[in-house]
Amino acid sequence: MENNFDKLKIGHKLFTSRLMLGTGKYKTTKDGIDSIQSSECEIVTVAIRRLPTNFKDDKTNFLNTLDWKKLWLLPNTAGSQTAEEAIRMAFLGHELACQIGQEDNFFVKLEVISDPKYLLPDPIGTLKAAEFLIKKGFTVLPYINADPMLALHLEDLGCATVMPLGSPIGSGQGLNN
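For the structure given in this document, a descriptive report is provided here. None of these values were measured; they are calculated from a predicted model.

So, about the packing of aromatic side chains. Tallied over the entire structure, the rule returns 4 aromatic pairs. Residues Phe-15 and Phe-107 carry aromatic rings whose centres are separated by 6.4 Å and whose planes lie at 75° to one another, so their mutual orientation is edge-to-face. Taken together, the residues Phe-15 in strand 2 (residues 13–15) and Phe-107 in strand 6 (residues 107–110) connect sequence positions 92 residues apart. For Phe-107, a relative accessible area of 3% gives the class buried. Ring plane angle 75° and centroid distance 5.0 Å describe the contact between Phe-91 and Phe-138, whose orientation is recorded as edge-to-face. Remark: Phe-138 occurs in the loop between helix 3 (123–135) and strand 7 (139–144) and Phe-91 occurs in helix 2 (residues 83–99); sequence separation between them is 47 residues. Residue Phe-91 is classed as partly exposed on the basis of its relative accessible area of 36%.

Turning to the pattern of salt bridges, a few remarks are in order. Per the stated rule, a full pass over the model turns up 5 salt bridges. As a salt-bridge pair, Glu-85 and Arg-49 come within 3.0 Å of each other at their nearest N and O atoms. A residue pair is termed long-range when its members are at least 10 positions apart, and Glu-85 in helix 2 and Arg-49 in the loop between strand 4 (43–47) and strand 5 (72–76) qualify at 36 residues. For Arg-49, a relative accessible area of 41% corresponds to the partly exposed category. Across the pair Glu-84 and Lys-128 runs a salt bridge, and its minimum N-O distance is 2.7 Å. With Glu-84 in helix 2 and Lys-128 in helix 3, the pair connects residues that are 44 residues apart, well separated along the chain. Overall, the relative accessible area of 40% leaves Glu-84 in the partly exposed class.

If you check which residues of helix 1 (residues 29–39) are buried, you get Gly-32, Ile-33, Ile-36 and Ser-39. Within helix 1, the buried residues cover an arc of 150° as seen down the axis, which keeps them to one side. Among the exposed residues of helix 1, those oriented more than 90 degrees off its buried face are Lys-30 and Ser-38. Residues of helix 1 that are buried sit in contact with strand 3 (20–22) and strand 4. A positive phi of about 60° marks Glu-40, the residue just after helix 1.

Cut-off values and rules
Residues numbered from 1 in each chain as written. Predicted model: local features only at pLDDT ≥ 70, side-chain atom pairs only at ≥ 80, totals over all residues. Heavy atoms only, no water. Phe/Tyr/Trp six-rings, centres within 6.5 Å; stacked < 30°, edge-to-face > 60°. Helix = DSSP H or I, 4+ residues; strand = E, 2+ residues; numbered from the N terminus. Buried < 20%, exposed > 50% of the residue type's maximum accessible area, 1.4 Å probe, protein only. Salt bridge = Lys/Arg side-chain N within 4 Å of Asp/Glu carboxyl O. Arc of directions from axis to C-beta. Contact = heavy atoms within 4.5 Å.

Laid out in structure tokens, this is it:
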């Protein structure tokens with residue numbers, strides 16, 4: 001993708017596209033593949049809980065049809081209700097990145113959502129998990145509430161960026177702030 005923008009730097013990686021796409025919620029497998037390929041995005045986020053532990057050998061998973069030499073996997077810890085669960089998911093995400101040839105990929109979209117009813121990020125669990133993962137060498141992109149003080153604390157810890165929510169997950173409200 002050619003553009004006139006500066007490259008986006010997250011951690012040690014440079015990206016031309018600023019678009020990140022998720023892999024859930026597509027009506028069909030073909031829709032997911034077509035969307036990712038036609039978008040020219042370079043970062044694809046995947047919920048670790050939704051993947052088989054050895055997805056490289058899983059012929060039914062559409063992620064195996066993507067060109068991981070052109071795309072960067074951003075594993076996310078969706079579904080983690082505690083910092084400990086999110087940490088475990090982050091390490092599994094790194095293992096999956098290794099399976100697709102991205103041994104140097106320690107990226108993680110950190111999601112700690114302790115209340116399944118409201119699906120809002122847990123700021124304390126997020127801080128705790130982020131601190132641990134950064135010490136272990138991960139490039140952490142935490143999903144947080146629109147809270148500038150929390151964002152500053154996460155920046156002080158060494159998070160590569162923050163990803164504030166626009167509206168509650170599943171609300172269909174789009175950007176609310």
